[in-house]
Amino acid sequence: MSAKLPEISVITIVKNLLKSGRSDYMLENVRSVKAQDCPEVEHIIVDGGSTDGTQDFLREQGIPFIEKADRGIYEGMNNAVRVAHGRYIVFLNSDDYFCEKDGLSRALAALKQNGADFSYAPVYNQDKNGTIVVSKADYYRVFSLMVISHQGMIVRREWFERLGGFDESFKMGGDHDFTVRLISGGAKAVKVDSVSYTHLRAHETGRNL
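What you are looking at is a predicted structure, and each value in this text was computed from that prediction instead of being measured. Every residue gets a number counted from 1 within its own chain, in the order that chain's sequence is written. In keeping with the predicted nature of the model, local features appear solely for residues at pLDDT of at least 70, side-chain atom pairs appear and are counted solely at 80 or more, and the whole-chain, interface and lining totals rest on all residues. Excluding hydrogens and water, the side-chain figures rest on all heavy atoms present in the structure.

**Student:** Could you give me a rundown of the nonpolar core, with the residues and numbers involved?
**Tutor:** Ranked by size, the top nonpolar core spans 24 residues in total, and within it Ile 11, Phe 91, Phe 118, Val 155, Phe 160 and Leu 182 carry the most contacts. Where helices and strands are cited, they refer to DSSP runs of H or I of at least four residues and of E of at least two residues respectively, numbered from the N terminus. Looking at this core, the elements that each hand over two or more residues are strand S1 (8-14), strand S2 (41-47), helix H3 (73-83), strand S4 (88-91), strand S6 (118-120), strand S9 (153-156), helix H5 (157-163) and helix H6 (174-184). In terms of residues, this core owes the most to one element, H3, which gives five residues. In this structure Phe 160 touches Val 81, Ile 89, Phe 91, Val 155, Gly 165, Phe 166 and Phe 178, once residues within four positions along its chain are discounted. The term nonpolar core refers to a set of buried residues drawn from Ala, Val, Leu, Ile, Met, Phe, Trp, Tyr and Cys, joined through side-chain atoms within 4.5 Å. Relative accessibility thresholds used throughout: buried, under 20% of the residue-type maximum; exposed, over 50%; partly exposed, between the two (1.4 Å probe, protein chains only). Residue contacts are defined here by distance: any two heavy atoms, one from each residue, within 4.5 Å place the two residues in contact.

**Student:** Quick rundown of the packing of aromatic side chains? Include the residues and the values.
**Tutor:** A pair of Phe, Tyr and Trp rings is counted when the ring centres sit within 6.5 Å of each other, with Trp represented by its six-membered ring. The angle between the planes then sorts it: under 30 degrees is stacked, over 60 is edge-to-face, the rest tilted. Tallied over the full model, the rule gives seven aromatic pairs. With centroids separated by 5.6 Å and ring planes inclined at 40 degrees, the aromatic side chains of Tyr 74 and Phe 166 adopt a geometry described as tilted. In this pair, Tyr 74 sits in helix H3 while Phe 166 sits in the loop between H5 and H6, placing the two residues 92 residues apart along the sequence. We note that Tyr 74, like Phe 166, is buried. For the ring pair Phe 91 and Phe 166, a centre distance of 5.4 Å and an interplane angle of 65 degrees mean the geometry is edge-to-face. Within this pair, whereas Phe 91 is found in strand S4, its partner Phe 166 is found in the loop between H5 and H6, the two being separated by 75 residues in sequence. For the pair shown, Phe 91 and Phe 166 are each scored as buried.

**Student:** A description of the pattern of salt bridges should follow, citing residues and the corresponding values.
**Tutor:** By salt bridge we mean one thing: a side-chain nitrogen of Lys or Arg within 4 Å of a carboxyl oxygen of Asp or Glu. Going through the model one piece at a time under the given rule, you end up with nine salt bridges. Across the salt bridge formed by Arg 59 and Asp 56, the nearest N and O atoms sit 3.1 Å from each other. With Arg 59 and Asp 56 both in helix H2 (residues 54-60) and three residues apart, this pair spans about one turn of that helix. Residue Arg 59 is classed as partly exposed on the basis of its relative accessible area, which comes to 48%. Asp 56 gets classed as partly exposed once you look at its relative accessible area, which sits at 45%. With a closest N to O distance of 3.2 Å, Arg 106 and Glu 100 form a salt bridge. A residue is classified by how much of its surface remains accessible, and Glu 100, at 32% relative accessible area, is partly exposed. It is possible to trace a salt-bridge network through shared partners that takes in Glu 100, Asp 102 and Arg 106.

**Student:** Account for the pairing of S2, naming residues and giving values.
**Tutor:** Two faces belong to every sheet, and in a regular strand the side chains alternate between them. With five of seven residues buried, S2 is to be regarded as a mostly interior element. DSSP bridges decide pairing: two strands pair if at least two such bridges lie between them. Bridge count for S1 against S2 is seven bridges, and the pairing is parallel. Following the sheet pairing, Ile 13 is matched in S2 by Val 46. In this region the chain leaves S1, passes through helix H1 (residues 23-34) and returns to the parallel neighbour S2; the handedness of that crossover is right-handed. Relative to strand S3 (residues 66-67), S2 is paired through two bridges, and the arrangement is parallel. Each bridged residue has a counterpart across the sheet, and for Asp 47 the counterpart in S3 is Glu 67. Crossover handedness is defined here as right-handed if the route from the first strand over the helix to the second strand goes clockwise, with the strands pointing away from the viewer. The parallel pair S2 and S3 is bridged by H2, and the resulting crossover is right-handed.

The structure is reproduced here in structure tokens:
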């Protein structure tokens, strides 16, 4: 009898965590995924070709990862989706973590109850001084602004295949482009009202997601 496939694949793309000072954040990221009360979850971690000892650090911490060199963030995300097994996909950056243990289970319940293709939720943004601001996940303004963070979205896997994933020509903004194409393509959305679904630390512009 074959093993049951996970409902949700949490994807974390990493590169040069040590150089960017994100090793502790990454450990918190992994702990928060393991703490989820949703049993059918897999955590896919893909290293895009670190050169600063990140891979040794992950091995020392007993964190499984896949090594797959890429030419940019969005190629790395697409690579990870291809090896994921979940029915739904959510991206959790290396300096992000889930705030509550039932975050994924509540989102999954909303998706199933509403027959939705993706869920979206506000996220907490914390700056270097510890100040926290709650983002406003506003579905209706997405065509003019990046108002839905991909950390607050869970998307049915079929839509990545249908839309061809992220446009790898983007250096930044590829997640916004994907969200616009997702909505334009007719994907049904459901909003998860709790702002404590995920916590996003503000970080400097650049790779090292």
